[in-house]
Amino acid sequence: MKFHHAILGVLVTTIATHASAQQAGKGQGDPQHQWRVQRLHKDNNEAIAVGDIDGDGVPDITAGEYWYQAPDFQQRSLRKIAPFGADYMQNNSEHLLDMDGDGDLDVLAGAFTHSIVNWYENPGAGNYDVEAWPVHQLLDTGTGHNEATFLHDIDGDGTPEFIENSWNRKNPTQIIRLHRGDDGKVTATTHFVSEVGNGHGMGFGDINGDGKQDIVFQSGWYEQPAADPFSQRWKYHHDFDLPQASCPILVVDLNEDGRQDIVWGDGHSYGLYWHEQLTPQSDGTTTWRQHLIDKKFSQPHSLAWDDVDNDGEAELITGKRYFAHSGRDAGAHDDITVQFYDWNRKSQTWKKNLISTAPAGAGPGIGLQIRVHDLDGNGWKDIIVPGKSGTHILWNDGK
């Protein structure tokens, strides 16, 4: 069954399907676009990373307690993760970085309620038949209530920073600076953007056009100082509110007017939106117009921005996070989906392309991170997602 509907000037094309978790799906906007779904494991892990773990030149996957060795994605042990609550694991993010200077990628991880930030040492080729990788403490942030973490180069010096997002508005917004010593090992120091003032959802981009990246979050944005960003507090602007915003919030100049716009999802209800940045007020205050992209699915808790249809333009990639609050969110028992949206600058509309749909818990949804990478080298970028319905690869077979 096929039907069309317009949402506030946004064209959304939807095809109702009944694909099971392992059946191939087709992009709805382009029925010739072929996707295959492969589940690697099912647990409650919601974080994931992609990179060459074993140094063979082929990307591997890390996801919670395991890593998956390409090309067959053999499951191997990595670490043990404590469970908590009804269906959570203490893992809200994974990042790959050489932490000890030995030339291979280690896992830097975040946790929901722990203040300790740990990294897990890659044992190196020939040493992977172990129960767990050696664990090292990077630092104690002094805060819990962590929604997600990001590894992002906020000051443009070529070295990424580790940045925490918290659902607790009373928590500070802080940047963990990573320093590589003469011995190649990474240490960390903390800079407070603001001692109080965080909130669900975060993203990065140049909001005011001064050439420096700012921090966007649920309750506005922090302006990066003109001078050394780590020598002072950042100026807070309460120019908008994005309730229960996604991780990340995307900062993109969609209409190419020279002003950065914002794309975000309501991580715990229905609603995927973009905020168009309008001409600022005379005092520099930014002004915004909200547009609805899609309100036909719930919990778009994570977003990605990448080119998956090889048209030379990035697409918006998201889906439904399965049981984000253990089944208490709006639409928790709806079918779960993964999809991407094509943006048309001329008409300023979005076209929805469904990749996968399945009954709740029976197929791929999204967790807290979405990774986009050409795993098999066929020239088409695949989508790799964790979540409480399982860790999945959505293989992009192109056309």
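Preceding block: the structure.
Presented here is an overview of the structure given in this document. Treat the numbers as computed from the prediction; the structure is a model and nothing was measured.

### Things to note about the packing of aromatic side chains
Counting across every chain of the model gives 18 aromatic pairs. Plain terms: the ring middles of tyrosine 128 and tryptophan 133 are 6.4 Å apart, the flat faces sit at 35 degrees to each other, and that makes the pair tilted. The exposure class assigned to tyrosine 128 is buried, which follows from its relative accessible area of 7%. Put simply, the rings of Trp274, Trp305, Trp343 and Trp350 touch in pairs and so form one group of aromatic residues. A cation sits over an aromatic face here: arginine 79 above tyrosine 120, 4.7 Å from the ring centre. Looking at lysine 388, its charged tip hangs above the ring of tyrosine 88, at a distance of 3.6 Å from the centre.

### Observations concerning unusual backbone geometry
Glycine aside, residues mostly have negative phi angles, and peptide bonds mostly take the trans form. Cis geometry is found at the peptide bond from alanine 70 to proline 71, where omega equals 10 degrees. Looking at the secondary structure, you find proline 71 in the loop between strand E7 (66-69) and strand E8 (74-77). Residues cysteine 247 and proline 248 are joined by a peptide bond in cis, for which omega reads 5 degrees. Along the polypeptide, proline 248 turns up in the loop between strand E22 (235-237) and strand E23 (250-252). Phi angles above zero are rare outside glycine, and asparagine 310 is one such case at about 55 degrees. For asparagine 310, the position within the fold is in the loop between strand E27 (304-306) and strand E28 (315-319). Among the residues examined, asparagine 310 registers a relative accessible area of 39% and is labelled partly exposed. Even without being a glycine, glutamine 348 presents a positive backbone phi close to 55 degrees. With respect to the helices and strands, glutamine 348 occurs in the loop between strand E29 (336-344) and strand E30 (349-358).

### Details of the sheet that holds E28
Strand order in the open sheet made by the four strands is E27-E28-E29-E30, with antiparallel pairing throughout. Two strands close off the open sheet at either side, each with one partner strand: E27 and E30. Neighbour to neighbour, the strand axes of the sheet diverge by 25 degrees on average, direction disregarded. Where E28 and E29 come together, four bridges link them in antiparallel fashion. Paired with glycine 319 across the two strands is valine 338, which belongs to E29.

Parameters at a glance
Residues numbered from 1 in each chain as written. Predicted model: local features only at pLDDT ≥ 70, side-chain atom pairs only at ≥ 80, totals over all residues. Heavy atoms only, no water. Phe/Tyr/Trp six-rings, centres within 6.5 Å; stacked < 30°, edge-to-face > 60°. Buried < 20%, exposed > 50% of the residue type's maximum accessible area, 1.4 Å probe, protein only. Lys NZ or Arg CZ within 6 Å of the ring centre and 35° of its normal. Helix = DSSP H or I, 4+ residues; strand = E, 2+ residues; numbered from the N terminus. Pairing = 2+ DSSP bridges. Axes fitted to C-alpha atoms, helices over the stretch in contact; angles between N-to-C directions.

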